[in-house]
Amino acid sequence: MASDTGEGHSRIAGDGLRAALEGRYRRYRKLRLTDGEMATLLLAPVLTYLFVISYYPIIDTVWTSLHTNALLPARETEFVGLENYSSVLSSSSFWNAFTVTMIYTFVSVPIEMVIGLGLALLINRDFWGRYVAQAAILFPWALPTIINARIWAWLFHGEYGVINDMLVRAGILSQPFPFLSHPDVALGSMLFVTIWKTSSFVALILLAGLQSIPSHLYEAARIDGASVFRQFWSITLPLLKPVILVALIFRTLPAFQAFGLPYGLTGGGPGESTTTLVLWAHQHTFNNLEFGEGAAAATVITLIAMAICVIYVVTLYEPEVR
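Residues numbered from 1 in each chain as written. Predicted model: local features only at pLDDT ≥ 70, side-chain atom pairs only at ≥ 80, totals over all residues. Heavy atoms only, no water.

Once that is clear, we can look at the overall build of the protein chain. Helix and strand content of the protein chain: 14 helices and two strands. Taking all 322 residues of the protein chain together, the buried fraction comes to 35%. For the protein chain, the share of sequence-separated contacts (at least 6 apart) that also reach a separation of at least 24 residues comes to 65%. Here the protein chain has roughly 19,600 Å² of accessible surface; of this, 66% comes from carbon and sulfur atoms. (Helix = DSSP H or I, 4+ residues; strand = E, 2+ residues; numbered from the N terminus. Buried < 20%, exposed > 50% of the residue type's maximum accessible area, 1.4 Å probe, protein only. Contact = heavy atoms within 4.5 Å. Areas by Shrake-Rupley, 256 points an atom, 1.4 Å probe, with all protein chains shown as cover.)

This is the structure in structure tokens:
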């Protein structure tokens, strides 16, 4: 009897929900909107938000790059065409920053991919404390970049840094070494910090890809006598390519647009040995009040980053793997 009563209540609730949905659908149809018009109506708030937050700043940056004194209300704005771009591209300091950025990006990202893949393969195995290990490796990535930079600036300090103290005590160095103030070593120190920080982020992305690979593929390969290396080369890497593409894009763009780490760790010094493109654009814009040239530099940086992403997609994208 109680069961019949419960079923009756469930049936009544289901009929009520169906009636409510049908009534809402009829009200929508009374608007006499087609499916395309309804989709446009629903997407309009999102597109408006994207335009205000993303597209308008991009358009305004391009407009500013074609003018001089565009953001200085006390001066008259003047259209100068591509003059700001010419000034930026003819600057030796810009090309130095470009070189630093390319070294920073294309040295750190491949090393991060290799270390991240190794970490992902390790923590993908079933062992005691697996989830604790997964949480632990994310700690460096979870640290805000500017805090991470200031911590390592103290660790690398030439007089009272912990790293110098440890190396001197171990007999590796006879005296403290100025890691962050030596022009030949500062960039290498910055690379070490960014690899330490972001390898765990790459590992997290690749771990998600590894866990999506069906286990029966490895079982079939083992039955066929495939070695561990053969399984990795013929199963893991091909099926991981789409995830590797995502990880590459997610790491290359922030690396190419690095600002917080060089700003907080070295300030771009000594000299311009660690000045990245975005840091150069920031300094040129706000220190020299050259807003037109700063906007031109930002536009050039964006175009280069887009070109790198296109190269990645063309090289690694394989729709048949998906």
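Next up on the list: the environment of Gly267. Relative to the elements of secondary structure, Gly267 occurs in the loop between α12 (260-265) and α13 (277-286). Separated by 12 residues in the primary sequence, Gly267 and Leu279 place their C-alpha atoms 8.5 Å from one another. The residues touching Gly267, leaving out its near neighbours within four places in the chain, are Pro262, Leu279 and Gln283.

Right, let's talk about the confidence of the model for the protein chain for a bit. For the protein chain, per-residue confidence averages 84 on the pLDDT scale, and residues scoring 70 or more make up 86% of the total. When pLDDT is averaged over each element of the protein chain, helix α4 (residues 92-123) comes out on top at 93 and helix α1 (residues 2-30) at the bottom at 59. (pLDDT = per-residue confidence, 0-100.)

Let's shift gears to the nonpolar core. Residues Leu206 and Leu265 are the most contacted members of the largest nonpolar core, which totals 58 residues. Not counting chain neighbours up to four residues away, the residues in contact with Leu265 comprise Ala149, Trp152, Ala153, Leu180, Met190 and Val193. (Core = buried A, V, L, I, M, F, W, Y, C linked by side-chain atoms within 4.5 Å.)

Our next topic: the packing of helix α5 (residues 130-137) against helix α9 (residues 186-211). At their nearest, the axes of α5 and α9 sit 9 Å apart, and the two run at 140° to each other. When the axis of α5 is compared with that of α9, the two are oblique. Residues Arg130, Gln134 and Ile137 of α5 lie in contact with α9, whose contacting residues are Ser200, Ala203, Leu207 and Gln211. (Axes fitted to C-alpha atoms, helices over the stretch in contact; angles between N-to-C directions. Parallel < 35°, antiparallel > 145°, perpendicular 65-115°, else oblique.)

The end-to-end C-alpha distance of α9, which contains 26 residues, comes to 38 Å, matching closely the 38 Å that a straight helix rising 1.5 Å per residue would cover. The largest bend in α9 is about 35°, located at Thr198. Burial runs high along α9: 20 of the 26 residues are buried. (Expected span 1.5 Å × (residues − 1). Bend = angle between axes of the 7 residues up to and from the residue.)

This model, assessed by the stated rule, comprises 15 aromatic pairs. For the ring pair Trp152 and Trp196, a centre distance of 5.3 Å and an interplane angle of 70° mean the geometry is edge-to-face. With a gap of 44 residues between them, Trp152 in helix α7 (residues 145-155) and Trp196 in helix α9 connect regions that are remote in the sequence. Judged by its relative accessible area of 33%, Trp196 falls in the partly exposed class. Judged by centre distance (6.1 Å) and plane angle (90°), the ring pair of Phe286 and Phe291 falls under edge-to-face. Judged by its relative accessible area of 52%, Phe286 is exposed. Of the aromatic side chains, those joined through ring pairs into one cluster are Trp152, Phe156, Phe177, Phe179, Phe192 and Trp196. (Phe/Tyr/Trp six-rings, centres within 6.5 Å; stacked < 30°, edge-to-face > 60°.)

Turning our eyes to something else, we now look at the side chain of Arg251. The residue Arg251 is located in helix α11 (residues 228-256) in this model. In this structure Arg251 touches Val109, Glu112, Thr194, Thr198, Phe201 and Val202, once residues within four positions along its chain are discounted.

A few words on the pattern of salt bridges. Applying the stated rule across the entire model yields two salt bridges. The closest approach of N and O atoms between Arg251 and Glu112, which form a salt bridge, is 2.7 Å. Taken as a pair, Arg251 in helix α11 and Glu112 in helix α4 lie far apart in primary sequence, 139 residues in all. When sorted by exposure, Arg251 lands in the same class as Glu112, which is buried. (Salt bridge = Lys/Arg side-chain N within 4 Å of Asp/Glu carboxyl O.)

Another point: the side chain of Thr285. Secondary-structure assignment places Thr285 in helix α13. Residue class for Thr285 comes out buried when judged on its relative accessible area of 9%. Among all residues touching Thr285, those that are not within four sequence positions of it are Glu290, Phe291 and Gly294.

Let us look at unusual backbone geometry. Each neighbour pair has its own omega, and for Gly269 with Pro270 the value is -5°, a cis peptide bond. Tracing the sequence through the fold places Pro270 in the loop between α12 and α13.

Two numbers describe how α4 lies on α9: the axes approach to 6 Å, and their chain directions differ by 45°. One way to sum up the angle between α4 and α9 is to call them oblique. For the pair α4 and α9, the crossing hand works out as right-handed. Of the residues in the contact of α4 with α9, the class split is 21 nonpolar, five polar and one charged. (Left-handed = near helix turned anticlockwise from the far one by under 90°. Nonpolar A, V, L, I, M, F, W, Y, C, P; charged D, E, K, R; others polar.)

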